[in-house]
Amino acid sequence: MKILVFSDSHDHCDRMINITREFISKNSNSNGNNNILDYIIHLGDLVHDAKYLQEKFPNIPVLYVCGNCDFSANKNDSEKEYELGGKKFFILHGHTRNVKFSLDSLKSLAEQKKYDIILYGHTHAPKEDYYNGTYIVNPGSISYDKSGKGKSYCVIDITKNDLCANIIRIEAY
């Protein structure tokens, strides 16, 4: 199972669309099987960008949460849980748990051992941690990088026995 994770797109939909198309093209087999991408996750800012992705790729489920800049969105949709590929996911934008200041609340979630992976955004800076058996991953921002390392997104690969999250830095788009 393969999952693309975007955050903080802030109306830069073309980047996400180009990355998704390129990912599908590079990973489809010679039989033309384009079913290589199982999900897209969007971690907020902006929800309408996630909905636009769903329109562009109607055969790929787009899961999303709202962020602090999603003023007209339902604020109850800031945090969600999913089971994908036999792994438990907790996704959030991050503003509701003050991730710009500390990851303590996410580490507390990891200590409960309920999740295999916690995905968050909001900081516009990519970060990967492994805490108490849980991956805690921020894909960074696809629009405005605040880390000084470039815009980025994440690819999650789930196999029968493993979960791997890789942050990908982009230079183009």
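Some remarks on the nonpolar core
For soluble globular proteins, the rule of thumb is that nonpolar side chains tend to be buried together.
Logical step 1: Of all hydrophobic cores here, the largest spans 19 residues; its most connected members are L4, F6, L37, I40, L53, I142 and Y153.
Logical step 2: Of all elements in the fold, only β1 (2–6), α1 (13–27), α2 (47–56) and β9 (152–158) reach the threshold of two or more residues within this core.
Logical step 3: With six residues, the single largest contributor to this core is α1.
Logical step 4: Residues in contact with L37, not counting those within four places in the same chain, are K2, I3, L4, T20, F23, I24 and I60.
Logical step 5: One finds I41, I91, C154 and L163 within the second-largest nonpolar core, a separate group that totals 18 residues.

Section: the packing of aromatic side chains
The description of an aromatic ring pair rests on the distance of the ring centres and on the angle between the ring planes.
Logical step 1: For the coordinates displayed, the defined rule picks out three aromatic pairs.
Logical step 2: Ring plane angle 40° and centroid distance 5.7 Å describe the contact between F6 and Y153, whose orientation is recorded as tilted. Taken together, the residues span a long stretch of sequence, with F6 in strand β1 and Y153 in strand β9 at a distance of 147 residues.
Logical step 3: The exposure class of Y153 is buried, given its relative accessible area of 10%.
Logical step 4: Ring geometry for F90 versus Y115: centroids 5.1 Å apart, planes at 50°, classification tilted. Remark: Y115 occurs in the loop between α3 (104–111) and β6 (117–119) and F90 occurs in strand β5 (residues 87–92); sequence separation between them is 25 residues. For the pair F90 and Y115, one class covers both residues: buried.

How each quantity is defined
The numbers attached to residues start from 1 for each chain and follow its sequence in the written order. Selection of residues for local features in this predicted model requires a pLDDT of at least 70, selection of side-chain atom pairs for listing and counting requires 80 or more, and totals for whole chains, interfaces and linings are taken over all residues. The basis for the side-chain values is all heavy atoms of the structure; hydrogens and waters are excluded. To define a nonpolar core, start from buried Ala, Val, Leu, Ile, Met, Phe, Trp, Tyr and Cys residues and group those joined through side-chain atoms within 4.5 Å. Buried, partly exposed and exposed residues are distinguished by accessible area as a fraction of the type maximum, computed with a 1.4 Å probe on protein chains only: under 20%, between the cut-offs, and over 50%, respectively. Strands are runs of DSSP state E lasting at least 2 residues, helices are runs of H or I lasting at least 4, and numbering of each runs from the N terminus. Contacts are residue-level and defined by heavy atoms, with any inter-residue pair within 4.5 Å sufficient. Any two of the Phe, Tyr and Trp rings considered here, Trp counted by its six-membered ring, make a pair once their centres fall within 6.5 Å; the pair's planes then place it as stacked at under 30 degrees, edge-to-face at over 60, or tilted in between.

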